[in-house]
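A closer look at the structure
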Amino acid sequence: MYNHLLYEVNDGIAVISINNPKSLNALNTETIEELGACINAVAADSSVKGLIITGAGPKSFVAGADISEMVNSGAEKGRSFAMLADKVFSSLEALPIVTIAAVNGYALGGGCELAMACDIRVASDNAIFGQPEVGLGIIPGFGGTQRLARLIGKGRAKELILTTDRINAEEAYRIGLANKVTTKEELLTVCTDMIRRVLKNGPFAVAVAKRCIESGMDMDLQNGLQMEADAFGLCFATDEKMEGMTAFLEKRKANFGGAK
Ligand code: DAK
């Protein structure tokens, strides 16, 4: 069905693997188009409750945008590529379900940016993160200058982007770029277990909490708190809240219909 992606769903958890082995899973236009179509399919499929994005093969998550395609692109192509990628990465970020990047090797340039468009990053111990763009005479263009600074702070984001230093999984964990580090063998299990823990909770509450965090990052505190209060009120109107609180009072586990 896809030329550049592998896609499977097990027990409500979807796994998208970027699959361009000859270029260490670099992102060309067709791959980003397919990723967009696949994210739309995930959004439209109510049976999918969580999403993992990873790279096919043992060595790389995504080694960045495809340099062999970009080298001859002019301003017009660059602009349309940027608009496409922006749309796709934003649709990934806007999914109401939890998304995890299982970073199984190189996450460079657009690869690091793809990981940052997910809610959570779990890195295998061979993962390498970096933003090499300024060394290619461009800047991070899939949201890197914005999302990296929001995630790890302005000073560290500037250091990574301006030096183009590559960092390993432990350092990524230390600075908050990776949420967790595990072995290569256990990476997908760790991600799946994490998603299952999310699925024990109210799906509407999870979606609303995720949206409040995302939107709040771009607001001042007072407006963010107002948004949170409005969203909090909305949760009180749901069956989910009734089930969650009733279950507590009845000393049983809440059943929100997610994975067991
Ligand atoms: N693009 C194309 N091919 C790539 C590639 C890439 N990003 N990365 C690796 N490959 C290819 C290599 O050319 C090589 O191909 P063959 O020679 O076998 O044909 C094959 O994958 C294996 O790579 P290596 O032989 O280099 O493998 P090593 O283990 O020695 O090194 C490496 C692995 C990941 C350290 C190295 O391949 C590397 O440095 N790759 C490039 C990393 C990089 O600079 N990535 C690009 C970052 S720039 C935009 C928005 C965003 C962007 C662009 C536009 N707009 C708004 C328009 C994003 C830009 C970026 O991501």
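Above this text you will find the structure in question.
All of the points below concern the structure found in this document.

Let's shift gears to helix α5 (residues 144-152). Looking at α5, one finds that the buried residues are G144, R147, L148 and I152. Projected down its long axis, α5 carries its buried residues within an arc of 100 degrees, all on one side. Where α5 is buried, its residues contact α3 (75-93), α4 (110-116) and α6 (154-163).

Before going further, it helps to spend a moment on the nonpolar core. Counting 48 residues, the largest nonpolar core has L51, F61, L92, L114, F129 and L177 as its most contacted members. With 15 residues, the next largest nonpolar core counts I13, V15, I52 and L199 among its residues.

Together, I67, L136 and I138 make up a nonpolar patch on the protein surface, roughly 260 Å² of accessible area in all. Judged by relative accessible area, I138 falls into the partly exposed class, the value being 38%.

This brings us to the sheet that holds strand β6 (residues 106-108). Spatially, β4-β6-β8-β9 is the arrangement adopted by the 4 strands of the open sheet, whose pairing is mixed. Taken across any chain shown, the strands that pair with only one partner, and hence form the sheet edges, are β4 (60-62) and β9 (167-168). Here 3 bridges tie β6 to strand β8 (residues 128-130), and the two strands are oriented parallel to one another. In the strand pairing of β8, L108 is matched with G130.

Closest axis-to-axis distance for the helix α1 (residues 29-44)/α3 pair is 9 Å, and the angle between their directions is 30 degrees. As summarised for this structure, α1 and α3 are arranged roughly parallel, according to the angle between their axes. Between α1 and α3 the crossing geometry is left-handed. Across the interface between the two elements, T29, I32, E33, L35, G36 and I39 of α1 pack against K77, F81, L84, A85, V88, S91 and L92 of α3. Looking at the contact of α1 with α3, its residues break down into 8 nonpolar, 3 polar and 2 charged.

On to the packing of aromatic side chains, then. On inspection of all chains with the given rule, the structure shows 3 aromatic pairs. Both rings, one in F81 and one in F142, keep their centres 5.6 Å apart while their planes meet at 70 degrees; by these two values the pair is edge-to-face. One end of the pair, F81, is in helix α3; the other, F142, is in the loop between β8 and α5, and 61 residues separate them in sequence. A single burial state applies to F81 and to F142, both of which are buried. Judged by centre distance (5.2 Å) and plane angle (40 degrees), the ring pair of F232 and F236 falls under tilted. Judged by relative accessible area, which is 52%, F232 ranks as exposed.

As a further point, take the pattern of salt bridges. Tallying each qualifying case throughout the model produces 8 salt bridges. Across the salt bridge formed by R147 and E93, the nearest N and O atoms sit 2.7 Å from each other. On the criterion of sequence distance, the pair formed by R147 in helix α5 and E93 in helix α3 is long-range, its members being 54 residues apart. This pair shows no difference in class: R147 is buried, exactly as E93 is.

We now examine the environment of L51. Locating L51 in the fold gives a position in strand β3 (residues 50-55). For L51, a relative accessible area of 0% translates into the label buried. Along the primary structure L51 and S215 are separated by 164 residues, whereas in three dimensions their C-alpha atoms are 21 Å apart. Excluding residues that lie within four positions of it along the chain, L51 makes contacts with A14, I16, V42, L92, L95, I97, V98, T99, I100 and I195.

Rules behind the numbers
Residues numbered from 1 in each chain as written. Predicted model: local features only at pLDDT ≥ 70, side-chain atom pairs only at ≥ 80, totals over all residues. Heavy atoms only, no water. Buried < 20%, exposed > 50% of the residue type's maximum accessible area, 1.4 Å probe, protein only. Helix = DSSP H or I, 4+ residues; strand = E, 2+ residues; numbered from the N terminus. Arc of directions from axis to C-beta. Contact = heavy atoms within 4.5 Å. Core = buried A, V, L, I, M, F, W, Y, C linked by side-chain atoms within 4.5 Å. Patch = residues over 30% accessible without salt bridge, like charges linked within 9 Å, V, L, I, M, F, W, Y side chains within 5 Å. Areas by Shrake-Rupley, 256 points an atom, 1.4 Å probe, with all protein chains shown as cover. Salt bridge = Lys/Arg side-chain N within 4 Å of Asp/Glu carboxyl O. Pairing = 2+ DSSP bridges. Axes fitted to C-alpha atoms, helices over the stretch in contact; angles between N-to-C directions. Parallel < 35°, antiparallel > 145°, perpendicular 65-115°, else oblique. Left-handed = near helix turned anticlockwise from the far one by under 90°. Nonpolar A, V, L, I, M, F, W, Y, C, P; charged D, E, K, R; others polar. Phe/Tyr/Trp six-rings, centres within 6.5 Å; stacked < 30°, edge-to-face > 60°.

Functional significance is not addressed by these values, which are geometric in nature.
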